[in-house]
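# Coordinates in review
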Amino acid sequence: MRKKIWSVALAALLVTLVVTPARAAAGLTRVTGFGSNPGALNMYSYVPSGLPSGAPLVVALHGCTQSASDYYGHSGWPKYADLYHLALVFPEQTTANNSLSCFNWFAAADIGRGGGEALSVKQMVDYAVAHYGSDPHRVYVTGLSAGGAMTAVMLAAYPDVFAGGGVVAGLPYNCGTVCQYQAQNRTPARWGDLVRAANPGYGGPWPRVAIWYGTSDTTVVPANATELRDQWTNVLGVSPSPTGTTSLPGGTTRETYGNVVELDRVNGIAHGTPVDPGSAETQCGTTGTYYLQSICSSYYLAQFWGLTTTTPTTPPTSSPTPSPTGGPCFTTSNYAHTVAGRAHQSGGYAYANGSNQAMGLWNVAVTHTLRQTGDNYYVLADGQC
């Protein structure tokens with residue numbers, strides 16, 4: 001046995017063959033041999049039939065007392081995997097690691113880069129990229145409660161792996177178990193420093209983050225919603241004051257922060273994943289223990305990450321032109337740049353590979369010139385080539 005929970009407070013956090021699945025297979029499938037697996041987790045995946053290479057990948061982490069099949073069956077993500085052509089990975093905790101099947105978001109050995117459960121989840125992503133052809137620039141992670149806290153772990157420990165995250169009723173990164181019941185009086189900078197300490201010297205782009213909370217949550221204090229907001233707005237360099245507020249179904253209020261952080265407060269619900277059973281595109285999931293009738297959070301996460309956008313089928317092509325400042329130049333649409341591997345997309349916006357310079361909306365209508373200045377390194381060069 002690697003470890004067990006001994007904290008009485010933590011016990012109340014009730015959130016909760018070798019098989020290589022082919023892209024023609026459908027259904028939740030157990031995968032073994034995906035890496036050294038230092039965290040001793042199980043891996044399950046769902047890959048829609050006929051999924052092409054280059055599709056996005058969503059990693060979904062269950063809560064305490066739950067399993068991969070439980071999250072697969074209730075969260076609504078399989079519907080959107082079929083509809084939007086995604087691969088899904090469902091990591092699963094074991095009772096040998098944790099008596100309540102919670103991911104160990106509070107254990108130092110499991111929340112850092114390069115070891116423990118965090119590395120096991122990262123190895124699952126590597127497996128999906130290698131075996132399902134998932135797009136390494138469009139990998140997203142979400143989870144409920146302990147899985148939400150582990151989502152924050154993955155975003156902090158591996159910001160170079162994930163383009164976006166969705167923390168549902170979870171906790172700020174590296175706050176241990178203290179945050180569960182009591183609000184912490186920390187400045188945004190102190191919260192952000194906890195994330196930056198996970199990768200000292202990291203200078204690349206940080207993932208976009210959505211935070212979901214029920215206003216009547218008594219398992220994890222709702223103050224964690226604003227603490228998470230303060231942490232990730234600080235990391236992403238935007239103000240903790242909202243730039244916009246909108247109303248969504250299910251009594252949900254959405255606050256946006258510079259288009260890189262969202263905070264969705266679901267009025268009146270307790271601790272769980274918000275779901276909304278039904279056949280409409282915006283409806284998903286089934287109700288159950290810690291799956292609460294209100295709004296389909298999985299749909300709105302997919303929307304926030306830009307996965308609901310219809311992809312053009314015939315992108316225009318471009319040819320390199322000489323640049324007087326060195327390096328070939330390419331002028332074409334943002335969509336064509338991503339298809340050609342010069343840029344990537346996150347949340348419906350395009351970014352140049354290497355420099356990560358913002359290029360605007362990810363579509364065929366916006367055109368930019370990129371100049372290659374190194375191996376997979378491109379800079380905006382409009383009017384310079």
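For the structure, see preceding data.
What you see is a predicted model, and the numbers here were worked out from it, not measured in a lab. (Residues numbered from 1 in each chain as written. Predicted model: local features only at pLDDT ≥ 70, side-chain atom pairs only at ≥ 80, totals over all residues. Heavy atoms only, no water.)

Moving on, we get to the sheet that holds strand S4 (residues 87–92). One open sheet holds the ten strands; their spatial order is S1-S2-S4-S3-S5-S6-S7-S10-S9-S8, and the pairing between them is mixed. The open sheet terminates on both sides in strands that have one partner only, identified here as strand S1 (29–31) and strand S8 (244–248). Within this sheet the neighbouring strands show an average axis-to-axis angle of 20 degrees, counted without direction. Two strands pair when backbone bridges link them, and strand S6 (residues 164–168) and strand S7 (residues 208–214) are joined in this way by five bridges, in the parallel orientation. Across the sheet, the residue bridging to Val 167 is Ile 211, located in S7. Lying on the sheet, helix H6 (residues 146–157) is in contact with strand S3 (57–61), strand S5 (139–144), S6 and S7; it crosses S5 at an angle near 150 degrees. (Pairing = 2+ DSSP bridges. Helix = DSSP H or I, 4+ residues; strand = E, 2+ residues; numbered from the N terminus. Axes fitted to C-alpha atoms, helices over the stretch in contact; angles between N-to-C directions. Contact = heavy atoms within 4.5 Å.)

A full pass over the atoms with the stated rule returns eight salt bridges. In this structure, the salt-bridge partner of Asp 135 is Arg 138, at a minimum N-O distance of 3.0 Å. Classification of Arg 138 by relative accessible area gives buried; the value is 13%. Note that Glu 255 and Arg 265 form a salt bridge whose closest N and O atoms lie 3.2 Å from each other. With a gap of ten residues between them, Glu 255 in strand S9 (residues 252–257) and Arg 265 in strand S10 (residues 261–266) connect regions that are remote in the sequence. Judged by relative accessible area, which is 13%, Glu 255 ranks as buried. Owing to a relative accessible area of 24%, Arg 265 belongs among the partly exposed residues under this scheme. (Salt bridge = Lys/Arg side-chain N within 4 Å of Asp/Glu carboxyl O. Buried < 20%, exposed > 50% of the residue type's maximum accessible area, 1.4 Å probe, protein only.)

Turning to the packing of aromatic side chains, a few remarks are in order. Across all of its chains, the model carries 15 aromatic pairs by this definition. With 5.5 Å between their ring centres and 5 degrees between their planes, Tyr 80 and Tyr 84 make a pair best called stacked. With a gap of four residues between them, Tyr 80 and Tyr 84 both fall in helix H3 (residues 77–84), about one helical turn apart. Residue Tyr 84 is classed as buried on the basis of its relative accessible area, which comes to 12%. Aromatic pair Tyr 127 and Tyr 132: ring centres 6.0 Å apart, planes at 80 degrees, arrangement edge-to-face. (Phe/Tyr/Trp six-rings, centres within 6.5 Å; stacked < 30°, edge-to-face > 60°.)

What follows covers the sheet that holds strand S16 (residues 358–361). With respect to topology, three strands assemble into an open sheet ordered S14-S15-S16, the strand pairing being antiparallel. Strand pairing shows two members of the sheet lacking a second neighbour, strand S14 (343–346) and S16, which therefore form its edges. Between one strand axis and the next, the sheet turns through 25 degrees on average, direction left out of account. By the bridge criterion, four bridges tie S14 to strand S15 (residues 349–352) in an arrangement that is antiparallel. Bridge pairing links Gln 345 to Ala 350 in S15.

This part takes up the packing of H3 against helix H9 (residues 297–304). Running from N to C, H3 and H9 point in directions that differ by 40 degrees, and their axes come no closer than 9 Å. Relative to H9, the element H3 lies oblique. Two packed elements cross with a definite hand, and for H3 against H9 that hand is right-handed. Listed contacts from H9 to Trp 77, Tyr 80 and Tyr 84 of H3 are Ser 298, Tyr 299, Leu 301 and Ala 302. When its residues are assigned to classes, the contact of H3 with H9 shows six nonpolar, one polar and no charged. (Parallel < 35°, antiparallel > 145°, perpendicular 65-115°, else oblique. Left-handed = near helix turned anticlockwise from the far one by under 90°. Nonpolar A, V, L, I, M, F, W, Y, C, P; charged D, E, K, R; others polar.)

Below, the discussion takes up helix H8 (residues 223–236). For H8, spanning 14 residues, the distance from its first C-alpha to its last is 20 Å, which sits close to the expected 20 Å at 1.5 Å a residue. Taken as a whole, H8 has its buried residues at Asn 224, Ala 225, Glu 227, Leu 228, Arg 229, Asp 230, Gln 231, Trp 232, Thr 233, Val 235 and Leu 236. Contacts made by the buried residues of H8 are with H6, S6, helix H7 (188–196), S7, S9 and S10. Immediately beyond the C-terminal end of H8, within one or two residues, lies Gly 237, with a positive phi of roughly 75 degrees. (Expected span 1.5 Å × (residues − 1).)

Take Asn 224: it is sitting in helix H8. Residue class for Asn 224 comes out buried when judged on its relative accessible area of 0%. Once residues within four sequence positions are removed from consideration, Asn 224 is found in contact with Gly 170, Leu 171, Pro 172, Cys 179, Gln 180 and Tyr 213.

Here His 344 lies in strand S14. At 2.7 Å, the side chain of His 344 and the side chain of Asn 353 are in polar contact. Apart from residues no more than four positions distant in its own chain, His 344 is found in contact with His 137, Thr 338, Tyr 349, Ala 350, Tyr 351, Ala 352, Asn 353 and Asn 356. (Polar contact = N/O pair within 3.5 Å; in protein donor to acceptor, adjacent residues only side chain to side chain.)

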